[in-house]
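So the chains spell out like this:
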Amino acid sequence: MSRYLSVEGVVLAVTPYGEADAVITLYTREYGRIDARARSIRSVSAKLRGEASLYQHVRALLVHTVLGYRITDARATAEKRWSPRAHYFGRNLTKFFLSLVRGPEEDPVLWEYVEGMFASATHLPTSKEELLHAKTILLARLGYADATHILTEGEILRIIRANHLWEDVHSLRARSVF
């Protein structure tokens, strides 16, 4: 028997899957990170095509199947327009966030941070210093760092290594996390 979920979340990643499908990564208040498959979302006539775009705040209906979650419906709560600079730093911060938060786990404090970060382009980092500050806050919210001072790239890497947060720390620069 299928289980339906109605969730509100932020679209943090859209990964192509097959010819016309995609895996949508949502971060929600109730369930944390959810990776859900969206059928035919990349086809021209898809009803979800414009509704579940990157960094969009959405209300979505998911069905839990044997293969995981599948999005059956989604509605954007507001239209977003991002500058290329905000999009670049948003993508960088999102990759960092998704590498730390791997599965579903309710965290209302972290949800408030993510929702606030993607509420408008003015909240996204637009410089390397602001990006390091955002990463410091994220690590502090997850309990890995103290938010009293901004961490350097080296300090962030030391925290990641010490806590085994990524499987292969040597591939961080290749994956464009920094």
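Placed above this text is the structure.
So, a few notes on the structure that sits alongside this text.

**Focus on the overall build of the chain**
Then, number 1: When its secondary structure is counted, the chain shows four helices and five strands.
Then, number 2: Along the chain, from the amino end to the carboxyl end, the secondary structure elements read β-β-β-β-β-α-α-α-α.
Then, number 3: Expressed as a percentage of its 178 residues, the buried residues of the chain come to 43%.
Then, number 4: Within the chain, contacts between residues separated by at least 24 positions form 55% of all contacts whose residues are at least 6 apart in sequence.
Then, number 5: Here the chain displays about 9,800 Å² of accessible surface, and carbon together with sulfur accounts for 52% of that area.

**Thoughts on helix H1 (residues 84–100)**
Then, number 1: The terminal C-alpha atoms of H1 lie 25 Å apart, and with 17 residues this matches the ideal 24 Å at 1.5 Å per residue to within 8%.
Then, number 2: The elements touched by buried residues of H1 are strand E1 (3–17), strand E2 (21–28), strand E3 (32–38), helix H2 (108–117), helix H3 (128–141) and helix H4 (153–162).

**So, the packing of aromatic side chains**
Then, number 1: Evaluation of the coordinates by the stated rule reveals two aromatic pairs.
Then, number 2: Measuring from centroid to centroid gives 5.1 Å for Tyr88 and Phe89, while their planes differ by 80°, and the two rings are edge-to-face.
Then, number 3: Under the relative-accessibility criterion, Phe89 is labelled buried at 8%.

**Concerning the nonpolar core**
Then, number 1: Judged by nonpolar contacts, the single largest core of 30 residues is most densely connected at Leu12, Tyr27, Phe97, Phe118 and Leu139.
Then, number 2: Secondary structure elements with two or more residues in this core: E1, H1, H2, H3 and H4.
Then, number 3: Looking at which element gives the most residues to this core, the answer is H1, with seven residues.
Then, number 4: In this structure Phe97 touches Leu12, Tyr27, Leu110, Val114 and Leu138, once residues within four positions along its chain are discounted.
Then, number 5: Among the nonpolar cores identified, the runner-up in size contains 17 residues, and Leu5, Ala36, Ile41 and Val58 belong to it.

**Considerations on the sheet that holds strand E4 (residues 57–65)**
Within a beta sheet, neighbouring strands are joined by backbone hydrogen bonds and run either parallel or antiparallel to one another.
Then, number 1: Strand order in the closed barrel formed by five strands is E1-E2-E3-E5-E4, with mixed pairing between adjacent strands. For this sheet, the mean angle separating the axes of adjacent strands, direction not counted, is 55°.
Then, number 2: Pairing geometry for E3 and strand E5 (residues 68–76), over two bridges, is parallel. Its bridge partner lying in E5, Arg37 is registered against Arg70.
Then, number 3: Contacts between H1 and the sheet are confined to E1, E2 and E3, with E1 contributing the most and set at about 120° to the helix.
Then, number 4: With respect to the sheet, H2 is in contact with E1, E2 and E4, its orientation differing from that of E1 by roughly 55°.

**Some details on the side chain of Ser99**
Then, number 1: Within the secondary structure layout, Ser99 lies in helix H1.
Then, number 2: A distance of 2.6 Å separates the side chain of Ser99 from the backbone oxygen of Phe96, its partner in a polar contact.

**A closer look at the pattern of salt bridges**
Then, number 1: In the structure shown here, the tally under the stated rule is six salt bridges.
Then, number 2: The closest approach of N and O atoms between Arg33 and Asp35, which form a salt bridge, is 3.4 Å.
Then, number 3: Judged by its relative accessible area of 15%, Arg33 falls in the buried class.
Then, number 4: As a salt-bridge pair, Glu153 and Lys128 come within 2.8 Å of each other at their nearest N and O atoms. Taken together, the residues Glu153 in helix H4 and Lys128 in helix H3 connect sequence positions 25 residues apart.
Then, number 5: Residue Glu153 is classed as buried on the basis of its relative accessible area of 17%.

**A word on the side chain of Thr136**
Then, number 1: By the element assignment, Thr136 lies in helix H3.
Then, number 2: The class of Thr136 is buried, set by a relative accessible area of 1%.
Then, number 3: One polar contact links the side chain of Thr136 to the main-chain amide nitrogen of Leu151, over a distance of 2.9 Å.
Then, number 4: In this structure Thr136 touches Asp146, Ala147, His149, Ile150 and Leu151, once residues within four positions along its chain are discounted.

Reading guide: rules and limits
Residues numbered from 1 in each chain as written. Predicted model: local features only at pLDDT ≥ 70, side-chain atom pairs only at ≥ 80, totals over all residues. Heavy atoms only, no water. Helix = DSSP H or I, 4+ residues; strand = E, 2+ residues; numbered from the N terminus. Buried < 20%, exposed > 50% of the residue type's maximum accessible area, 1.4 Å probe, protein only. Contact = heavy atoms within 4.5 Å. Areas by Shrake-Rupley, 256 points an atom, 1.4 Å probe, with all protein chains shown as cover. Expected span 1.5 Å × (residues − 1). Phe/Tyr/Trp six-rings, centres within 6.5 Å; stacked < 30°, edge-to-face > 60°. Core = buried A, V, L, I, M, F, W, Y, C linked by side-chain atoms within 4.5 Å. Pairing = 2+ DSSP bridges. Axes fitted to C-alpha atoms, helices over the stretch in contact; angles between N-to-C directions. Polar contact = N/O pair within 3.5 Å; in protein donor to acceptor, adjacent residues only side chain to side chain. Salt bridge = Lys/Arg side-chain N within 4 Å of Asp/Glu carboxyl O.

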